[in-house]
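Now for the letters of each chain:
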Amino acid sequence: MIVWLALAPLLLLTAHTAVNALLLRRPHRDAITGERVAVLLPLRDEAGRVGPCLESLLAQRGVPGLTVHILDDASTDGTADVVRRIAGGDERVRLLTGDAPPAGWLGKPNACRQLADAAADADVLVFVDADVVLEPDAIAGAAGLLRRAGVTMLSPYPRIVGAGRLVQPLLQWSWLTFLPLRGMERSPRPSLAAAGGQWLVLDRAGYQRAGGHAAVRDDVLEDIGLARAVKRSGGRIALADGSRLATCHMYGSWRELTDGYGKSLWASFGSAFGAATVVVLLLLLYAVPVLFLVSPWWDVALAACLLGVTGRVISAVATGGRAVPDAFAHPLSIVLFGWLVARSFHRRRRNLLTWRGRAL
C-alpha cells in the first residue's frame, strides 16, 4: 500500500496537466482587429532564417493598422540585405540599424527597447523572433485574445520544430504540468510567471507602465523577466497555445540546442541548490521508476512510467507536438534535461556563456 501511495504525486500532476490542457487559451482564426499593431523583429546574423519569418509577416490579414519594425543588430552576414530584398517597397516595413548595447545591457533587451521606441504610436506590440513563421491569421488572432483575456501580456507558444525532439517538448509539458494557468493569471505574485520570448503580445500602455525592456536590461531570460515586471506594475499575463498559428524552428542541431540551453537554463532557477532540488525530484518521479521495471515492484514502476508518458501525450496533443513515439522517451528526456542544467551552471561558473558572439 505504501509503495502504491507513492504514485499519488504522479497521478495528481498528470491530472493537473489534463485540466490545464482543457483551460489553455487559443487565438481565434479569421480574426480582425482595428487596433494599430506593431510587429517588432530583432535580428542579429539571421540571413539564413529571416526570409520565411518576414514573408509570413507581410502575409498577415485582418490587421489594417499593421507595421513591421525590424532592427539589424550589427549583423555581419547580410541580414539587412535579405530584409530589403523581401520587403521591396512595402511601406509597412521599417528597417532600423541598431546601436550597440550600453553598459549594463544585454543585446536582445537593447534591441527590443529600440524597436519599441520606434513604434511609439502602436496600441499593441508584438515581439517575434526570426525563427518563427506565422499563419496569416496569427497577429489578428493573438491581438484579439489579448483583449478578450483582459491581460497586459500574452505569450502564445508556437509549435516547436527542428532539432531536440527529446528535450524541446519539455518546455510546454513543464508549465502545463506544474503551473496553475488560471491561478497564474489571477495572482499578482511576480514569482508566478511564465512566458516564451519567441512570440509575445503586449498592450503598449501596460508595457510602458512595466518599464519596458529597460526593466530587464541585464536579464538573460528577458521574456520571463518582462512577465514579472508586468505583474509588479499591476498588470496581468496569460499563456496560450499558438501551435495552430505559428511554428518555431529554434535549433537546427544538437550543438545549437546545447548552446542555447546552456546560456539560459541556470537563470531559470533561484540558485544551484534550487536547480539541484528540482532536477532530483524530476528524476525520482519520472526516470528512477524505469530502474524498477525488473524488480518485485515492476507493476508500480510500470504504472509510474505510464503516468509520465500520459502527461507527455496530453501536453503534445494540447500544444501541437508529436505524441508518439516521443512521449515514451520521457524518462530519457528528463535525464538529458538534468545534464543540460548541470552543464549550464558549469559554464556559468567558468564564465563561458556567450550568445551571438557576445559574452553574457
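Residues numbered from 1 in each chain as written. Predicted model: local features only at pLDDT ≥ 70, side-chain atom pairs only at ≥ 80, totals over all residues. Heavy atoms only, no water.

Asker: Lay out the overall build of the protein in plain terms, naming residues and giving numbers.
Answerer: The helix and strand inventory of the protein stands at 15 helices and 12 strands. The principal-axis extent of the C-alpha atoms belonging to the protein is close to 70 × 45 × 35 Å. Looking at the protein residue by residue over its 360 residues, the buried ones come to 52%. Pairs at least 24 apart in sequence give 82% of the contacts found in the protein among residues at least 6 apart. For the protein, the accessible surface area stands at approximately 15,800 Å², while carbon and sulfur atoms represent 60% of it. (Helix = DSSP H or I, 4+ residues; strand = E, 2+ residues; numbered from the N terminus. Buried < 20%, exposed > 50% of the residue type's maximum accessible area, 1.4 Å probe, protein only. Contact = heavy atoms within 4.5 Å. Areas by Shrake-Rupley, 256 points an atom, 1.4 Å probe, with all protein chains shown as cover.)

Asker: Could you give an account of the environment of Thr14, naming the residues involved and the relevant values?
Answerer: By the element assignment, Thr14 lies in helix α2 (residues 8–23). Of the residues examined, Thr14 reaches a relative accessible area of 9% and is grouped as buried. Excluding residues that lie within four positions of it along the chain, Thr14 makes contacts with Leu307, Thr310, Gly311 and Ile314. Separated by 3.2 Å, the side chain of Thr14 and the backbone oxygen of Leu307 make a polar contact. (Polar contact = N/O pair within 3.5 Å; in protein donor to acceptor, adjacent residues only side chain to side chain.)

Asker: Please give an account of the nonpolar core that cites residues and values.
Answerer: The biggest cluster of nonpolar side chains holds 70 residues, and the ones touching the most others in it are Val126, Leu134, Ile139, Leu154 and Trp199. For this core, the element with the highest residue contribution is helix α6 (residues 138–149), accounting for seven residues. Counting residues in hydrophobic clusters, the runner-up holds 34 residues, among them Leu179, Ala194, Ala227 and Ala318. (Core = buried A, V, L, I, M, F, W, Y, C linked by side-chain atoms within 4.5 Å.)

Asker: Could you give me a rundown of the side chain of Asp223, with the residues and numbers involved?
Answerer: The residue Asp223 is located in helix α10 (residues 222–232) in this model. For the buried Asp223, which has no salt bridge, the nearest side chain bearing the opposite charge is Lys108, at an N-O separation of 6.4 Å. If sequence neighbours within four positions are ignored, Asp223 has contacts with Met153, Ala195, Gly196, Gly197 and Leu200. (Lys, Arg positive; Asp, Glu negative; His and termini not counted. Salt bridge = Lys/Arg side-chain N within 4 Å of Asp/Glu carboxyl O.)

Asker: An account of the sheet that holds strand β10 (residues 246–249) is needed here, citing residue identities and associated values.
Answerer: The strand order across the open sheet formed by three strands is β5-β10-β7, and the pairing between neighbours is mixed. For this open sheet the edge positions go to β5 (132–134) and β7 (159–161), each flanked by a neighbour on one side alone. The sheet shows a mean angle of 25° between the axes of neighbouring strands, taken without regard to direction. Pairing geometry for β7 and β10, over three bridges, is parallel. Across the sheet, Arg159 pairs through a bridge with Thr247, a residue of β10. (Pairing = 2+ DSSP bridges. Axes fitted to C-alpha atoms, helices over the stretch in contact; angles between N-to-C directions.)

Asker: A description of the UniProt feature "domain: Glycosyltransferase 2-like" (unreviewed entry) in the protein should follow, citing residues and the corresponding values.
Answerer: The feature "domain: Glycosyltransferase 2-like" (unreviewed entry), as annotated in UniProt, sits at residues 39–169 in this numbering. Annotated as residues 39–169, this span is 32% helix and 26% strand, and its ends, taken at the C-alpha atoms, are 26 Å apart. (UniProt positions renumbered as here; feature names shortened; annotations may be inferred.)

Asker: Got a sec to walk through the pairing of strand β2 (residues 65–72)? Specific residues and values, please.
Answerer: Among the eight residues in β2, seven count as buried, and that is most of the element. Remark: the strand β1 (residues 36–43)/helix α3 (residues 50–58)/β2 crossover connection has right-handed handedness. Across five bridges, the pairing between β2 and strand β3 (residues 93–97) is parallel. Opposite Val68, over in β3, you have Val93 as the bridge partner. Taken together, β2, helix α4 (residues 79–87) and β3 form a β-α-β motif whose crossover is right-handed. (Right-handed = clockwise from strand over helix to strand, strands pointing away.)

Asker: Can you explain the packing of aromatic side chains? Please cite residues and give values.
Answerer: Taken as a whole and judged by the stated rule, the model has six aromatic pairs. Centre to centre, the rings of Phe127 and Tyr207 are 5.9 Å apart; their planes meet at 45°, and the pair counts as tilted. Note that Phe127 is positioned in strand β4 (residues 124–128) and Tyr207 in helix α9 (residues 204–209), a separation of 80 residues in sequence. The residues Phe127 and Tyr207 share a single accessibility class, namely buried. (Phe/Tyr/Trp six-rings, centres within 6.5 Å; stacked < 30°, edge-to-face > 60°.)

Asker: A description of unusual backbone geometry should follow, citing residues and the corresponding values.
Answerer: For the bond from Val324 to Pro325, the omega torsion is 5°, close enough to zero to count as cis. Within the secondary structure layout, Pro325 lies in the loop between α14 (298–319) and α15 (330–349). Positive phi values are uncommon outside glycine, yet Asp30 reaches one of about 55°. For Asp30, a relative accessible area of 61% puts it in the exposed group.

Asker: So what's going on with the environment of Ser191? Which residues, and what values?
Answerer: Within the secondary structure layout, Ser191 lies in the loop between α8 (181–186) and β8 (199–203). Among the residues examined, Ser191 registers a relative accessible area of 47% and is labelled partly exposed. In the structure, Ser191 is positioned 41 residues away from Arg232 in sequence and 9.8 Å away in space, judged by C-alpha atoms.

Asker: An account of the sheet that holds β4 is requested, with residue identities and associated values reported.
Answerer: Taken in spatial order, the seven strands make up an open sheet running β3-β2-β1-β4-β8-β6-β9, and their pairing is mixed. A single partner strand is all that each edge strand has here, and the edge strands are β3 and β9 (237–241). On average, adjacent strands in this sheet sit at an angle of 20° to one another, irrespective of strand direction. Two elements, strand β6 (residues 153–157) and β9, share five bridges in a ladder whose sense is parallel. In the sheet register, Tyr157 faces β9, and the bridge partner there is Asp241. Contacts from α10 reach β6, β8 and β9, with the element oriented near 150° to β6.

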